[in-house]
Amino acid sequence: MSATYGLDFERQIPATSLEVRQAIAAALRELGFQITVEQMTRVEAKRGGMLGMSLMMKKQMPVLAVLEISAGESGCTIVTHLTDNIKSLGKTWGMNRQYREIFDEVQGRVDLGLSRLDGAAAESFAEPRFWSRAGSIGVLEQTNVLTAKAVGSAVGAAGKVLDGSASTTPKVWKGVDSVTFTSSAGVAVLTLAETQARLGVAVMIVSHPGSMPPNLTRDVEALAAAVETKLAAAGGKAAQVEVPDARRPVFEFLDQQAEIRSGLPLRQLHICRSCRLEKITNPEYERITTRNEKIGDIVAGVGATIGKGGISPTFVLGQVFKLKKLDPAYVCSRCQGMEADERVVTFCPKCADLARDVVLRICPKCKFDYRTRAGKTPLWAELPVAPVAVEPVAGPLPSAPAAAELVVVALPPAPVPAPAEQVVVAPTAAAAPLPATPAAAPPRAWTSPAEVPLGRPPLGQRGKLCQTCHREHPTLWRVVISTPAGFEERFICGTTFACQMFSLVPAVAV
C-alpha cells in the first residue's frame with residue numbers, strides 16, 4: 001500500500017561512504033529506529049507501530065526511513081525518503097501536522113550527523129519537500145475513528161508481532177530469485193540469500209577493516225556497491241552482474257569468507273561505549289526467547305477475557321501493548337549504559353578462541369587456517385555448451401544393421417568421483433578392449449554409426465575427461481552422433497543437460 005505522508009531531501013557531503021553510513025546509523029538509533037537493512041548503497045529503518053498510531057504517541061507512530069547512498073570522486077550523495085508506515089487502515093486523514101513534526105525531527109537529526117562530517121557543506125543543504133495525499137483535518141475529529149480502526153485490527157497486528165523476524169532484504173530486491181555472476185573464469189549462479197551473505201561480509205569488512213589494506217577495502221566497497229546497484233535495477237527479476245578481471249579476486253575473496261562463516265557459529269559482540277565492557281549474545285536465542293515471551297503474554301489472560309461478545313477490545317490492546325518492547329535493547333551490566341558498539345564474531349573451531357577479526361585467515365592462538373573450510377565447491381562453472389541436435393533420418397540407413405536405428409538415450413548421471421586414491425577404472429562387459437590409438441588423435445568420421453569403433457576417452461590427472469564440460473569423472477558414456485562430416489563418437493558424463501546428447505547407437509559406459 002502506498003504511503004500517505006512523506007518527506008524527501010537530498011544531501012551532498014565530501015566524506016567517505018563509511019563515515020556517512022556511520023553518521024546515519026547513529027542518528028537513526030538515537031531516535032529509536034530499528035535498522036532493518038544496512039548495505040553499501042542503502043539503509044532502511046523503521047520505528048513505531050499501530051499501537052502508537054492508535055494511542056497518538058508521537059515517538060511510537062509508524063515511520064519508515066529509506067536512505068540511498070552513492071559515492072563519487074568528490075564525496076557522497078544521500079537521498080532520503082521518510083514516509084508513514086501505516087498498514088491496514090487505508091488512507092488516513094488529519095495527520096499532516098503530526099507527521100510533518102516527526103519528519104522534521106528525523107531530518108534535523110540526520111543533518112546534524114552529516115554536518116559533523118563537514119560543516120561548510122551543511123550550510124548549503126536544500127530545504128526538504130513535504131508531501132501528503134490527504135487533506136488537513138483536525139486531530140480531535142479523527143481520534144475516535146482511528147482508535148476504533150486500530151482496535152478492530154489489533155488481533156491481526158498481534159499475530160504479526162509474534163513472528164518477530166524482520167526482513168533484511170530491501171524492498172527493491174523483492175522478487176529477485178537468482179543472481180548470475182559472469183567473468184572470464186566462468187559463471188557463478190547464486191541465490192539472493194547467498195548474494196546477501198557476500199554483501200553482508202563486504203559491509204562488515206568496510207565497517208571494521210582491521211588489518212585490511214586500504215586499497216583492498218576500497219575494492220570491496222566498490223564491488224559491493226556495483227552489485228547492489230544491479231539488484232536494485234533488476235526490477236524483481238533474475239539479475240546479471242559482470243565481474244571484470246580486476247574485481248574477480250575481490251569477489252572470490254568475499255565468496256571464500258562467506259563460505260567460511262556459513263559453517264561457524266554466529267554471535268554478536270556488544271562493547272559498552274561508556275565503560276567498554278564486552279558482552280556476547282546469540283541473535284537466534286534472543287529471537288526464540290522473545291517470541292516465547294510474547295506467546296505467554298497473550299495466552300495468560302485469554303480465559304478471563306472471553307465473554308458473550310467475544311474477546312474484549314480492551315484486553316486486545318492491553319496485550320499488544322505488552323508485546324511492545326519498552327525496555328532498551330542493550331543495558332550494560334556494569335554501568336547500565338544503553339549504547340554499545342556491535343560487531344559479528346565467531347569462535348575458532350579448533351581451540352574455541354574468540355575470533356574478533358572480520359576477515360578469517362589464521363587463528364592467532366592455535367594457528368588454525370580458516371581457509372581450509374572453504375573452496376570445497378568450485379565457485380565458477382564453465383559456460384554451458386548447447387547440446388548437439390541430430391535430425392531424424394528418413395528411412396533406414398543404407399549400410400547400418402537394425403541395431404543402428406535412431407535411439408534417443410536418456411543418459412543417467414555418471415557416478416560421483418571418488419577420492420584420488422580410491423579411483424579404480426574396472427573393465428565392464430559392454431566395454432571392448434581399448435585400442436592403442438592416442439587420445440589426442442582427431443576423431444575419424446564414418447559413413448555409418450554401426451561402423452564407429454569403440455575408442456579411448458581422453459584422460460585427466462585423476463579420471464576421464466568429459467568432452468563437453470572437460471571435467472574429470474571415473475566413468476563416462478560413449479555415444480555416437482551425426483556430424484556434417486559423418487558419424488563420430490563422443491565421451492560425455494551425462495551429469496548436466498549440456499552433457500547429454502542423442503545417440504544413434506545404445507550408449508555404453510566406459
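My aim in this report is to walk through the structure given alongside it, one point at a time. Source: prediction; values computed, not measured. (Residues numbered from 1 in each chain as written. Predicted model: local features only at pLDDT ≥ 70, side-chain atom pairs only at ≥ 80, totals over all residues. Heavy atoms only, no water.)

**What to know about the pairing of strand β18 (residues 477-483)**
Of all seven residues in β18, six are buried; the element is thus mostly enclosed. Of the strand pairs in this sheet, β18 and strand β19 (residues 486-492) are connected by seven bridges, and their pairing is antiparallel. Residue V479 lies in a different strand from β19, and its bridge partner there is R490. Between β18 and β19, which pair antiparallel one after the other, the connecting turn spans two residues. Bridge analysis of β18 against strand β20 (residues 508-509) gives two bridges, and the strand direction is antiparallel. The partner of W477 across the bridge, within β20, is A509. (Buried < 20%, exposed > 50% of the residue type's maximum accessible area, 1.4 Å probe, protein only. Helix = DSSP H or I, 4+ residues; strand = E, 2+ residues; numbered from the N terminus. Pairing = 2+ DSSP bridges.)

**As for the sheet that holds strand β6 (residues 129-132)**
Across the sheet, which stays open at both edges, the six strands sit in the order β2-β3-β4-β5-β1-β6 with antiparallel pairing between neighbours. Among the strands making up the open sheet, the edge pair consists of β2 (34-38) and β6. Each strand of the sheet is rotated relative to its neighbour by a mean of 15°, with strand direction disregarded. On top of the sheet, helix α1 (residues 17-30) reaches β2, β3 (42-47), β4 (63-72) and β5 (75-84); it is set at about 165° to β4, its chief contact. (Axes fitted to C-alpha atoms, helices over the stretch in contact; angles between N-to-C directions. Contact = heavy atoms within 4.5 Å.)

**Some thoughts on unusual backbone geometry**
For A352, which is not glycine, the phi dihedral falls at a positive 65°. Along the chain, A352 turns up in the loop between β14 (340-347) and β15 (354-355). Here A352 falls in the exposed class, since its relative accessible area comes to 55%.

**Describing helix α7 (residues 192-207)**
A rise of 1.5 Å per residue sets the reference length of α7, with its 16 residues, at 22 Å; its end C-alpha atoms lie 22 Å apart and thus fit the reference within 8%. Turning to α7, its buried residues are L192, T195, Q196, R198, L199, V201, A202, V203, M204, I205 and V206. (Expected span 1.5 Å × (residues − 1).)

**Considerations on a positive patch on the surface**
Taken together, the side chains of K46, K87, K171 and K174 define a basic patch exposed on the protein surface. Examined against the element boundaries, K87 turns out to sit in the loop between β5 and α3 (96-115). With relative accessibility at 43%, the residue K87 sits in the partly exposed group. (Patch = residues over 30% accessible without salt bridge, like charges linked within 9 Å, V, L, I, M, F, W, Y side chains within 5 Å. Areas by Shrake-Rupley, 256 points an atom, 1.4 Å probe, with all protein chains shown as cover. Salt bridge = Lys/Arg side-chain N within 4 Å of Asp/Glu carboxyl O. Lys, Arg positive; Asp, Glu negative; His and termini not counted. Charge placed at Lys NZ, Arg CZ, Asp CG, Glu CD.)

**Topic: the sheet that holds strand β7 (residues 178-183)**
Strand order in the open sheet formed by three strands is β8-β7-β9, and the pairing between neighbours is mixed. Edge positions in the sheet fall to β8 (186-191) and β9 (239-242), since each of these pairs with one other strand and no more. Ignoring strand direction, the axes of neighbouring strands in this sheet form an average angle of 20°. Two elements, β7 and β9, share four bridges in a ladder whose sense is parallel. Opposite V179, over in β9, you have A239 as the bridge partner. Relative to β8, α7 is tilted by about 100°, and along the sheet it contacts β7 and β8.

**Notes on the environment of Q39**
With respect to the helices, strands and loops of the structure, Q39 is situated in the loop between β2 and β3. Its relative accessible area of 6% is what places Q39 among the buried residues. Separated by 131 residues in the primary sequence, Q39 and P170 have C-alpha atoms spaced 9.1 Å apart. Excluding residues within four positions of it along the chain, Q39 makes contact with R21, W173, Q196, L199, V203 and E228.

**Some remarks on α1**
Side chains three or four residues apart in an α-helix point the same way, a direct result of the helix having 3.6 residues per turn. Compared with an ideal rise of 1.5 Å per residue, which puts 14 residues at 20 Å, α1 spans 20 Å between its outermost C-alpha atoms and is within 8% of the ideal. By the burial criterion, the buried members of α1 are S17, V20, R21, A23, I24, A25, A27 and L28. One or two steps after α1, the chain reaches G32, where phi turns positive at roughly 90°.

**Some points on the state of the cysteines**
Taken as a whole and judged by the stated rule, the model has zero disulfides. Cysteine C351 is unpaired, with the sulfur of C366 as its nearest cysteine sulfur at 3.5 Å. Unpaired in terms of disulfides, C469 finds its nearest cysteine sulfur in C466, a separation of 3.7 Å. A relative accessible area of 15% places C469 in the buried class. (Disulfide = S-S within 2.5 Å.)

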